[in-house]
Amino acid sequence: MERKQVNVVIFSRVSSTGDRQNTDRQTNELKEYANRLGYNLVGIYEEKISGFKKNEDRPVLNQLLYDIDNGIDGYIPIDKVLTSELSRISRSVLQGLSVIQTFIDRKVSLYIQNYNLETLNPDKSVNPMTMFMVQILASVATMESETTKIRFQSGYRNFLANGGKVGRKKGQVVSDEDFLSNHKDVVKLLKRNLSIRQISGLTANKSLTTIMKVKKTAIKLGMIK
């Protein structure tokens, strides 16, 4: 009997506060892993956002969940998600476990590279030992992250107290290209001919005004009709 091909996607994330970080290392290592095991790599999801954000406020994660439900491009199924560390999924225990449970409910396994753990067995049943480890690791990661967050906030307040300035300089204008670059998720969904309200629901409830502005700008630049 011919062995069924396993469709996998890569999920990488770096914090939006780490300007010098990028997802290249995570993605490249997982590409090598997928190639070594003979997986069919069908998608790469790279997110640059704080792991403390709520799931509904993460457009790339929501796009992954949408594609799991509907198939990539509406027809390519996802069997497995590869990630380098559990913290790439979320730095919050509750938010992270919620995502993992969503995967499990849809019979999609999560592979965590640094611990070589997988949430589902080959027959799609839940691996109880892995789930036990995941809960422990998530709790430890959250405690460490909260400590880091507190230190960062303390340094930020000290910076402002000493006259530090943040935000866009007065009079600075964002170009149309940069504006669309900040809303790539919306542009991608507009190209699928989804409605403004559908896109709002799939992009962490971005305002209808923002989505309409993105659509108008994309049409202006000839990216969509």
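Here's what I pulled together on the structure shown here. (Residues numbered from 1 in each chain as written. Predicted model: local features only at pLDDT ≥ 70, side-chain atom pairs only at ≥ 80, totals over all residues. Heavy atoms only, no water.)

Some words on the overall build of the protein chain
Along the backbone of the protein chain there are 9 helices and 5 strands. Sorting the 225 residues of the protein chain into buried and exposed places 41% on the buried side. The long-range fraction of contacts in the protein chain, counting pairs at least 24 apart against all pairs at least 6 apart in sequence, stands at 63%. Of the roughly 13900 Å² that the protein chain leaves accessible, carbon and sulfur atoms contribute 51%. (Helix = DSSP H or I, 4+ residues; strand = E, 2+ residues; numbered from the N terminus. Buried < 20%, exposed > 50% of the residue type's maximum accessible area, 1.4 Å probe, protein only. Contact = heavy atoms within 4.5 Å. Areas by Shrake-Rupley, 256 points an atom, 1.4 Å probe, with all protein chains shown as cover.)

With respect to the sheet that holds strand 4 (residues 109-112)
Within the open sheet, the 5 strands sit side by side as 2-1-3-4-5. Their pairing is mixed. Each edge of the sheet is formed by a strand with only one pairing partner; in this case those strands are strand 2 (40-48) and strand 5 (117-118). Here strand 1 (residues 7-14) pairs with strand 2 via 8 bridges, running parallel. Looking at strand 2, one finds that Ile10 is bridged to Ile44. Here helix 2 (residues 59-70) sits on the sheet in contact with strand 1, strand 2 and strand 3 (80-83), set at roughly 155° to strand 2. (Pairing = 2+ DSSP bridges. Axes fitted to C-alpha atoms, helices over the stretch in contact; angles between N-to-C directions.)

Some thoughts on the packing of aromatic side chains
Under the counting rule described, the total for this entry stands at 2 aromatic pairs. Between Tyr33 and Tyr111, the aromatic rings sit 4.3 Å apart at their centres with planes inclined by 5°, giving stacked as the arrangement. Placement of the pair is Tyr33 in helix 1 (residues 24-36) and Tyr111 in strand 4, with a sequence separation of 78 residues. The exposure class assigned to Tyr33 is buried, which follows from its relative accessible area of 9%. Among the aromatic side chains, those forming a connected cluster through ring pairs are Tyr33, Tyr39 and Tyr111. Taking NZ or CZ as reference, Lys213 lies 4.8 Å from the ring centre of Phe179, over its face. (Phe/Tyr/Trp six-rings, centres within 6.5 Å; stacked < 30°, edge-to-face > 60°. Lys NZ or Arg CZ within 6 Å of the ring centre and 35° of its normal.)

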